[in-house]
Amino acid sequence: MPEIMDFVNRGAAAITPAIAEKVLRHLPQWKLEFTQIFEPQYPHLVDQLEFLADSVEDTAEGAYKDLPYAAFAQAVFALIYSHKKVGIIPDSVLHLGRADDSSVVRAVLIQNEKSFAIYAASQDREWSRITSQP
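A quick note: this is a predicted structure, and the numbers were derived from the prediction, not measured.

(A) Just the overall build of the protein, in detail. Helix and strand counts for the protein come out as seven helices and zero strands. Reading the secondary structure of the protein in the N-to-C direction produces α-α-α-α-α-α-α. For the protein, the proportion of its 134 residues judged to be buried stands at 45%. Residue pairs in contact within the protein that sit at least 24 positions apart in sequence constitute 70% of those at least 6 positions apart. Looking at the protein as shown, the accessible area adds up to about 7,200 Å², and 58% of this sits on carbon and sulfur atoms.

Below is the structure:
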């Protein structure tokens, strides 16, 4: 997993406020697209993407001010990456197409577990239902 974490960290380092603003404009549509993901091999992926999208929205809109920028930037990167149809593994590859998306999302959640657990609690969301732990 260290390679995926390095990949996430490099991607997040390129996230600027302008990119985050553009993602914020697209999030309502992306959230709908994420609900259409059906991948039994990755049962938490849709909930995790929704959680990251909510944390990005709340932070960008000022409704939640305690998420560190590194966690915010990583969440933005994970959302962009998961929205793309072609990543390390194209989404169209049967049974494997979302493996890379799931790995990127899990890397973000693992690296920022404390911050996202606090955010989840502030939103009355059960962290154990979101976490990368099975």
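(B) Structural view of the packing of aromatic side chains. Under the criterion given, the structure shown has eight aromatic pairs. Taking 5.7 Å as the distance between ring centres and 45° as the angle between the ring planes, the aromatic pair formed by Tyr69 and Phe72 counts as tilted. Within this pair, Tyr69 and its partner Phe72 are both found in helix α4 (residues 69-83), separated by three residues, close to a single helical turn. For Tyr69, a relative accessible area of 45% puts it in the partly exposed group. Using a relative accessible area of 6% as the deciding quantity, one classes Phe72 as buried. A ring pair is formed by Phe77 and Tyr81, whose centres lie 6.2 Å apart and whose planes are at 35°; its orientation type is tilted. Of this pair, Phe77 and Tyr81 both sit in helix α4, four residues apart, which is roughly one turn of the helix. For the pair Phe77 and Tyr81, one class covers both residues: buried.

(C) Fine view of the packing of helix α2 (residues 17-35) against helix α3 (residues 45-60). It is at 10 Å that the axes of α2 and α3 come closest, and there the two elements cross at 165°. Comparing their axes, α3 and α2 come out roughly antiparallel. In this structure, α2 crosses over α3, and the sense of that crossing is left-handed. Where α2 approaches α3, its residues Leu24, Leu27, Lys31, Phe34 and Thr35 are matched on the opposing element by Val46, Leu49, Ala53, Asp54, Val56, Glu57 and Ala60. Per-class residue counts for the contact of α2 with α3 are eight nonpolar, one polar and three charged.

(D) Structural context of the pattern of salt bridges. Counted by the stated rule, this structure contains four salt bridges. In this structure, Glu21 and Arg25 form a salt bridge, with 3.5 Å as the shortest nitrogen-oxygen distance. Taken together, the positions of Glu21 and Arg25, both in helix α2 and four residues apart, correspond to about one turn of that helix. Using a relative accessible area of 56% as the deciding quantity, one classes Arg25 as exposed. Taken together, the shared-partner salt bridges connect Lys31, Asp54, Glu57 and Arg125 into one network.

(E) Representation of helix α5 (residues 99-111) within the structure. Counted at 1.5 Å a residue, the expected span for α5 with its 13 residues is 18 Å, and the 18 Å between its end C-alpha atoms agrees. Check the buried side of α5 and you find it contacts α1 (2-13), α3, α4, α6 (113-122) and α7 (127-130).

Reading the values: rules and limits
- Throughout, a residue's number is its position along its own chain's written sequence, starting from 1.
- It should be noted that, the model being predicted, local features are given only for residues of pLDDT at least 70 and side-chain atom pairs only at 80 or more, the latter also being counted only at that level, while totals for whole chains, interfaces and linings use all residues.
- For the side-chain quantities, the full set of heavy atoms in the structure was used; hydrogens and water were omitted.
- Going along the chain from the N terminus, every DSSP run of H or I of four or more residues is numbered as a helix, and every run of E of two or more is numbered as a strand.
- Exposure is judged per residue with a 1.4 Å probe applied to protein chains only, and the accessible area is read against the type maximum: over 50% gives exposed, under 20% gives buried, and values in between give partly exposed.
- Contact criterion: two residues are considered in contact whenever any of their non-hydrogen atoms come within 4.5 Å of each other.
- In short, Shrake-Rupley with a 1.4 Å probe defines the accessible areas, and a residue's cover is counted only from the protein chains shown.
- Two rings from Phe, Tyr or Trp (for Trp, the six-membered ring) form a pair when their centres are within 6.5 Å of each other. A pair whose planes differ by under 30 degrees is stacked, one over 60 is edge-to-face, and the rest are tilted.
- Only the stretch in contact is used when fitting a helix axis, every axis being a line fitted to C-alpha atoms; angles between N-to-C directions are given from 0 to 180 degrees.
- Any angle that is under 35 degrees is reported as roughly parallel, and any over 145 degrees as roughly antiparallel; angles of 65 to 115 degrees are reported as roughly perpendicular and all others as oblique.
- By definition, any crossing whose near helix is turned counterclockwise from its far helix by less than a right angle is left-handed, and any crossing with a clockwise turn is right-handed.
- Gly falls in the polar group here, along with every residue not listed as nonpolar (Ala, Val, Leu, Ile, Met, Phe, Trp, Tyr, Cys, Pro) or charged (Asp, Glu, Lys, Arg).
- Salt bridges, as used here, are contacts in which a Lys or Arg side-chain nitrogen is within 4 Å of a carboxyl oxygen on Asp or Glu.
- To estimate the expected span of a helix, count its residues, drop one, and scale the result by 1.5 Å.

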